[in-house]
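# Descriptive structure summary
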Amino acid sequence: MRAKFHQCDVKNRGKIKRVTYTVKNSKGEAVEKYANVYLPYGYDGVKKYNILYLMHGGGGNPDAWLDSCMLKNMLDHSFCDEGVEPCIVVMPTFYTDTGEAGFDPDGDGRRTMAFQTELKEVLIPAVEGKYCTYAETTDAAGQKASRMHRAFGGFSMGSVTTWNAFMENMDAIAYFLPLSGDCWAVEPLGGKSHPDETAEILHDKALASGYKPDEYFIYTMTGTKDIAFDQLLGQVMAMRKYPDTFIEAGGFAAGNFLWHFEEEFIHSYECVCQYVYWALPWLFKA
Ligand code: FER
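Note that the coordinates shown come from a computational prediction; the quantities given were computed from them, not determined experimentally.

Counting its regular elements, the protein chain contains 9 helices and 8 strands. Against the compact-globule benchmark of 19 Å for 286 residues, the protein chain has a radius of gyration of 17 Å, which places it among compact chains. Considering only C-alpha atoms, the protein chain reaches an extent of 50 × 45 × 35 Å along its principal axes. When each of the 286 residues of the protein chain is scored for burial, the buried share is 55%. When the accessible surface of the protein chain is summed, it comes to about 11800 Å², and 52% of that surface belongs to carbon and sulfur atoms. Counting 27 positive and 38 negative side-chain charges, the protein chain places the centres of these two groups 6 Å from one another.

Here it is in structure tokens:
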């Protein structure tokens, strides 16, 4: 594993752009939303890039990753100074109605699931229709053909969103980074209250997807002082009972399931920024 990231000056900087798109709110009214898009240094609109979607935690918005930790500096440093293959990084939100933001477990559980439709039908087409990724087309067929070049990760409720993406959007995504949050397929915090049922659902979803274990990858992380630690620990231990779908072999070359629990790390963007730093070299490599 790479050493810890510390903020530092960088030679070259990527740019943050904003993509807007329209969705329906809960009343059926059209509302405009935005996502922040990090374009790596050297992006020229010709070369194709891998793409990582990163979701904020409960109560957050598309700016949360950028103003709560050194994510941009970390990306610039990784791509420009450390030779990690650059990718586009998209920071959207699962909130749609104004006034929704504010942590609300049951509501956010539903919103992170409803977001799965928005992701494939609206967000991916809006972002990848504009910026140069491996998607030749942004429809379902184009997303499927380019899924090995697409990752989804998130912090806390963004991690819940990521497990939902694993269950609902495997056809568009091959790499998953659920950070400091468990899968709520059974109920909120179900990784702790129902670890075996949660793992069984993920196992069944993986099998039902039709993809082989060398076609989907999970790297999940949290800290031993994180409020989500018990939930994720319970879930990961239960997932280990399914080595047919979740193969631990020390990396993505031979396996598809990596987890890391960092001593003393807490439930914060600074900690999950560190996890993204550790995950970047593993993405898009299989
Ligand atoms: C967890 C998963 C998600 C958890 C908390 C969350 C307490 C979300 C919290 C937030 O977004 O505020 O396992 O453990």
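Let us look at helix α2 (residues 71–81). The buried fraction of α2 amounts to 9 of the 11 residues, a majority that puts the element mostly inside the structure. Among all positions of α2, only Leu-71, Asn-73, Met-74, Leu-75, Asp-76, His-77, Ser-78, Phe-79 and Cys-80 are buried. Looking at the packing, one finds that the buried side of α2 touches β2 (30–39), β3 (50–55), α1 (64–68), β4 (87–91) and α9 (269–279).

Even without a glycine there, the phi angle at Ser-156 is positive, about 65 degrees. Looking at the secondary structure, you find Ser-156 in the loop between β5 (150–155) and α5 (157–168). A residue is classified by how much of its surface remains accessible, and Ser-156, at 15% relative accessible area, is buried. Here the phi dihedral of Glu-264 falls at roughly 75 degrees; this positive angle occurs in a residue that is not glycine. Looking at the element boundaries, Glu-264 is found in the loop between β8 (257–262) and α9.

Turning to the packing of helix α7 (residues 195–209) against helix α8 (residues 229–239), a few remarks are in order. Packing of α7 against α8 leaves a shortest axis separation of 8 Å and a crossing angle of 55 degrees. As far as their axial angle goes, α8 and α7 are oblique. Seen from above, α7 lies across α8 with right-handed handedness. For the pair α7 and α8, the contacting residues are Pro-195, Asp-196, Thr-198, Ala-199 and Leu-202 in the first and Gly-234, Gln-235, Ala-238 and Met-239 in the second. Among the residues making up the contact of α7 with α8, the classes are represented as 5 nonpolar, 3 polar and 1 charged.

In this section: the site of the ligand. Neighbouring residues of the ligand: 14 residues in total, closest Gly-58, Ser-156, Met-157, Asp-182 and Gln-231. Separating an oxygen atom of the ligand from a side-chain N or O atom of Ser-156 is a distance of 2.9 Å. Between Asp-182 and the ligand, the recorded distance is 2.7 Å, taken from a side-chain N or O atom to an oxygen atom. Protein coverage of the free-state accessible area of the ligand, which is 370 Å², stands at 87%.

Using the criterion set out here, one finds 24 aromatic pairs in the structure. A centroid spacing of 5.9 Å and a plane angle of 75 degrees characterise the contact between Tyr-43 and Tyr-131, whose relative ring orientation is edge-to-face. Here Tyr-43 is found in the loop between β2 and β3, whereas its partner Tyr-131 is found in the loop between α3 (105–128) and α4 (140–145), with 88 residues between them in sequence. According to the relative accessible area criterion, Tyr-43 is partly exposed, its value standing at 21%. Arranged with centres 5.1 Å apart and planes meeting at 50 degrees, the rings of Phe-217 and Phe-252 form a pair that is tilted. One end of the pair, Phe-217, is in strand β7 (residues 217–223); the other, Phe-252, is in the loop between α8 and β8, with 35 residues separating them in the sequence. Of the residues examined, Phe-252 reaches a relative accessible area of 5% and is grouped as buried. Put simply, the rings of Tyr-175, Phe-217, Tyr-219, Phe-252, Trp-282 and Phe-284 touch in pairs and so form one group of aromatic residues. Over the aromatic face of Tyr-277 sits the side chain of Arg-2, whose NZ or CZ is 3.6 Å from the ring centroid.

Rules behind the numbers
Residues numbered from 1 in each chain as written. Predicted model: local features only at pLDDT ≥ 70, side-chain atom pairs only at ≥ 80, totals over all residues. Heavy atoms only, no water. Helix = DSSP H or I, 4+ residues; strand = E, 2+ residues; numbered from the N terminus. Rg over C-alpha atoms; globule rule 2.2 N^0.38 Å. Buried < 20%, exposed > 50% of the residue type's maximum accessible area, 1.4 Å probe, protein only. Areas by Shrake-Rupley, 256 points an atom, 1.4 Å probe, with all protein chains shown as cover. Lys, Arg positive; Asp, Glu negative; His and termini not counted. Charge placed at Lys NZ, Arg CZ, Asp CG, Glu CD. Contact = heavy atoms within 4.5 Å. Axes fitted to C-alpha atoms, helices over the stretch in contact; angles between N-to-C directions. Parallel < 35°, antiparallel > 145°, perpendicular 65-115°, else oblique. Left-handed = near helix turned anticlockwise from the far one by under 90°. Nonpolar A, V, L, I, M, F, W, Y, C, P; charged D, E, K, R; others polar. Near = heavy atom within 4 Å. Polar contact = N/O pair within 3.5 Å; in protein donor to acceptor, adjacent residues only side chain to side chain. Phe/Tyr/Trp six-rings, centres within 6.5 Å; stacked < 30°, edge-to-face > 60°. Lys NZ or Arg CZ within 6 Å of the ring centre and 35° of its normal.

Function-wise, these values are silent; they only describe arrangement.
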